[in-house]
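Here's the letter readout for the chains.
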Amino acid sequence: MKKLTYELLKDLAETSTIPCTILSVERLPGDKCGEIRFYAINEIFKKSYYDLFSETEQGPLPEYDGFENTIEGQLYTAHLPKEPNFEDVCYRAAWKKEYISTYVDTTRMYGYWTQDILIPVAGESENPNIAFCQFMYTLNKEMDTGKFATVSPDIASFVIKACLELRNENKFNDSMDIVVSYIREYTGSYAASLLIVDDDIKKFEVISYSVQNDALNIKSIFADFPYEIVGSWAELVKETNSIIIKSNYDMDLIAQKAPAWVKTLKDNKVVSLCLVPLIHHQEIIGYLYITNFDVDHILRVKETIELLSFFLSSEVANHLFLQRLEYLSNVDMLTGVFNRNCMNVNVDELSLKLEFVPTPFNVAFCDLNGLKSINDNGGHGEGDKLLIDAANVLKEVFPDDKIYRAGGDEFNIISFSPKEEFEKKIEILKERACDPDWLYFAVGYYHDEEGRDLRLAMRYADERMYKDKDKFYEKYPDKRR
């Protein structure tokens, strides 16, 4: 077997037409990865690394001539962040003699899509605990779809299958449930789940999950997670495109940065994990969370979920955008109840339904007395507070009914509760909103036992509300507008 000298490895690096370095990879007891060093580099790698060095290092730059002496022999972490996933593929290439090619979205870390190619180097090293691999890479500002041609047919077939499910006519949540179950089966994992996160309001939600034999409810487990645990993931993935835990060694490394999270993993008997961020416009909008997967196929799992996460990110971002549009078009932003636009649409839809399926219903008109005087005397800020208080009381009294803000000081309610139950709610409302100096509703309501004419019922309720309002101003004439 040929001796792997520096001169021989240097010549090997120089044969590459793209940035290339020969990496020396140390093997520690227990088949673990030790130090990884830039052993020999080609001129193209030297130029690429010098540009990176000039951007990140403080103080005077070394001369370009001879810069290879600054790089060769150094640990790869001298100027780059430690990356466990990178170390794993280097170790597999150098010691397990695997040929590895990946194309991943690293725009959040480096501003580029990155294609990494690792080729094992055959030969005898002077140090029996050192093996070598050839590491080459290309960078693209935009995704190059042609680079995905290197994806194996097995992975490509799975990703296409998942994408077709995402693009069908099913509801978003139904499609996501199916895709997440595909992921769990493909990765040989115990559980897979998809979470969305909102760092602005410090909340997260499990929107889909799949568990082997439906053995547990993932949502109930995450219900006990404080947001701080989920929030800590953003820092962990800041300098990597995924978190992979395949052994106790990896678990201990993560525990140094996120001890509270690792405790939950151990408490739930998690021994291996893949965590992949879903990124849209450089912001994390969610995570793909896979536990106790088949570590014997780690490279296939990693490449598959990282590629699929690109498409999942797009689908989740589109769903959240549509949800936001629907919210803005239907909800009154000040009070949080439905707005007049939503009321008009719902009244049209309900009127049509009631023509075909008559159903007893109730309507109520609740108008704030004295809002104008509060606006005049305390300013519109005080008036807004009153409107918010009024809406909160309505939501507490009518939690299962549709509440609309129909105008400036007018709220409408449509309910399918039994008549007696609805009348009790009206009485509670009058008791809670009877302060003439602050919150006082003029209330008119109507019950339609035949359940046919919603618009007529609303007219009757509106007329009764105005009669109630007249009684208020007769009693408190100084509040009259």
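Up top is the structure.
Here goes a summary of the coordinates provided.

The rules behind each value
Each chain has its residues counted from 1, following the order in which its sequence is written. Two thresholds apply to this predicted model, a pLDDT of at least 70 for residue-level local features and 80 or more for giving and counting side-chain atom pairs, whereas whole-chain, interface and lining totals are computed over all residues. Hydrogens and water are ignored here; the side-chain numbers use all heavy atoms of the structure. Under the DSSP-based scheme used, a helix requires at least four consecutive residues in state H or I and a strand at least two consecutive residues in state E, with every element numbered from the N terminus. Here the radius of gyration uses the C-alpha set of atoms, whereas the globule reference equals 2.2 Å times the residue count to the power 0.38. Working definition: with a 1.4 Å probe on protein chains only, accessible area under 20% of the residue-type maximum means buried, over 50% means exposed, and in between means partly exposed. When DSSP locates at least two bridges between a pair of strands, those strands are taken to pair. To get an axis, a line is fitted to the C-alpha atoms, and for a helix only the part in contact is used. The angle between two axes follows their N-to-C directions and goes from 0 to 180 degrees. Throughout this description, any angle smaller than 35 degrees is read as roughly parallel, any larger than 145 degrees as roughly antiparallel, any in the 65 to 115 degree range as roughly perpendicular, and the remainder as oblique. Crossings are sorted by hand: turned counterclockwise from the far helix by less than a right angle, the near helix makes the crossing left-handed, and turned clockwise it makes it right-handed. Only heavy atoms matter for contacts: two residues are in contact if any of them lie within 4.5 Å across the pair. Note on residue categories: nonpolar means Ala, Val, Leu, Ile, Met, Phe, Trp, Tyr, Cys or Pro, charged means Asp, Glu, Lys or Arg, and polar means any other residue, Gly included. Think of a salt bridge as a Lys or Arg side-chain nitrogen and an Asp or Glu carboxyl oxygen that are within 4 Å of each other. Think of a nonpolar core as a cluster: buried Ala, Val, Leu, Ile, Met, Phe, Trp, Tyr and Cys residues, connected wherever their side-chain atoms sit within 4.5 Å. Two distance rules govern patches: like charges are joined within 9 Å, and nonpolar side chains (Val, Leu, Ile, Met, Phe, Trp, Tyr) within 5 Å, applied only to residues with over 30% relative accessible area and no salt bridge. Accessibility throughout is a Shrake-Rupley quantity obtained with a 1.4 Å probe, and a residue counts as covered only by protein chains that appear here. Residues counted as positive are Lys and Arg, residues counted as negative are Asp and Glu, and His and the chain ends are not counted. Charged side chains are reduced to one point each, which is NZ for Lys, CZ for Arg, CG for Asp and CD for Glu.

1. Things to note about the overall build of the protein
Here is step 1 of the chain: If you tally the helices and strands in the protein, you get 17 helices and 14 strands.
Here is step 2 of the chain: Relative to the globule expectation of 23 Å for 481 residues, the C-alpha radius of gyration of the protein, 32 Å, shows a markedly less compact shape.
Here is step 3 of the chain: Along the longest, intermediate and shortest principal axes, the C-alpha atoms of the protein span 105 × 55 × 40 Å.
Here is step 4 of the chain: Counting every position in the protein, which comprises 481 residues, the buried fraction comes to 48%.

2. Structural notes on the sheet that holds strand S9 (residues 273-280)
Here is step 1 of the chain: Within the open sheet, the five strands sit side by side as S7-S6-S10-S9-S8. Their pairing is antiparallel. Two strands lie at the open edges of the sheet, namely strand S7 (203-211) and strand S8 (243-245), each paired on one side alone. Looking at each pair of strands side by side, their axes are set apart by 15° on average, direction ignored.
Here is step 2 of the chain: Pairing of strand S6 (residues 191-198) with strand S10 (residues 283-291), which is carried by six bridges, proceeds in the antiparallel orientation. Bridging across to S10, Ile196 finds its partner in Gly286.

3. Some points on the packing of helix H4 (residues 84-95) against helix H12 (residues 298-330)
Here is step 1 of the chain: Running from N to C, H4 and H12 point in directions that differ by 135°, and their axes come no closer than 12 Å. Of the possible angle classes, the one that applies to H4 and H12 is oblique. Once H4 is placed against H12, the crossing between them reads as left-handed. The residues of H12 that touch H4, namely those facing Asn85, Asp88, Val89 and Arg92, are Ile298, Leu299 and Lys302.
Here is step 2 of the chain: A per-class count over the contact of H4 with H12 returns three nonpolar, one polar and three charged.

4. Quick notes on the pattern of salt bridges
Here is step 1 of the chain: All told, the structure shown has 26 salt bridges when counted by the stated rule.
Here is step 2 of the chain: A salt bridge links Glu68 to Lys46; the nearest nitrogen and oxygen atoms lie 2.9 Å apart. Linking Glu68 in helix H3 (residues 68-71) with Lys46 in helix H2 (residues 43-56), this pair joins segments that are 22 residues apart in sequence.
Here is step 3 of the chain: By relative accessible area, which is 22% here, Glu68 ends up partly exposed.
Here is step 4 of the chain: For Lys46, a relative accessible area of 5% puts it in the buried group.
Here is step 5 of the chain: Here Asp367 and Lys469 are joined by a salt bridge, their closest N and O atoms 2.6 Å apart. Remark: Lys469 occurs in helix H17 (residues 454-475) and Asp367 occurs in strand S11 (residues 361-368); sequence separation between them is 102 residues.

5. Describing the nonpolar core
Here is step 1 of the chain: Grouped together as the largest cluster of nonpolar side chains are 34 residues, with contacts concentrated most on Ile183, Leu194, Leu288, Ile290, Ile305, Leu312 and Val316.
Here is step 2 of the chain: Elements represented by at least two residues in this core include exactly helix H6 (153-166), helix H7 (172-187), S6, S9, S10 and H12.
Here is step 3 of the chain: Looking at this core, the element that brings in the most residues is H12, giving eight residues.
Here is step 4 of the chain: Once residues within four sequence positions are removed from consideration, Ile305 is found in contact with Ile183, Thr187, Cys274, Val276, Leu288 and Ile290.
Here is step 5 of the chain: If you look at the next biggest cluster of nonpolar residues, it comprises 27 residues, including Val237, Ile245, Val262 and Tyr289.

6. Some remarks on a nonpolar patch on the surface
Here is step 1 of the chain: Judged by side-chain polarity, Phe321, Leu322 and Leu325 come together as a nonpolar surface patch covering roughly 300 Å² of accessible area.
Here is step 2 of the chain: Turning to its location among the elements, Leu322 is positioned in helix H12.
Here is step 3 of the chain: Assessed through its relative accessible area of 47%, Leu322 is described here as partly exposed.

7. Brief notes about the sheet that holds strand S3 (residues 100-106)
Here is step 1 of the chain: In spatial order, the strands read S2-S1-S5-S4-S3; together these five strands make up an open sheet with antiparallel pairing. Of all strands in the sheet, those with a lone pairing partner are strand S2 (32-41) and S3, marking the two edges. Across this sheet, the average inter-strand angle for adjacent strands is 30°, counted without regard to direction.
Here is step 2 of the chain: Taken together, the seven bridges between S3 and strand S4 (residues 112-120) define a ladder with antiparallel strand orientation.

8. Side note on a positive patch on the surface
Here is step 1 of the chain: Together, Lys419, Lys430, Arg464, Lys467 and Lys471 give the surface a local cluster of positive charge.
Here is step 2 of the chain: Listed by contribution, the elements that provide at least two residues to the positive patch are helix H16 (419-432) and H17.
Here is step 3 of the chain: In terms of residues, the positive patch owes the most to one element, H17, which gives three residues.
Here is step 4 of the chain: Relative to the assigned elements, Lys430 resides in helix H16.

9. Points about unusual backbone geometry
The general pattern is negative phi for most residues beyond glycine and trans for most peptide bonds.
Here is step 1 of the chain: Positioned with a positive phi, Asn213 is a non-glycine residue whose angle comes to about 60°.
Here is step 2 of the chain: One non-glycine residue with positive phi stands out, namely Gln282, at about 65°.
Here is step 3 of the chain: By the secondary structure assignment, Gln282 is in the loop between S9 and S10.

Purely geometric stuff here, so don't read any function into it on its own.
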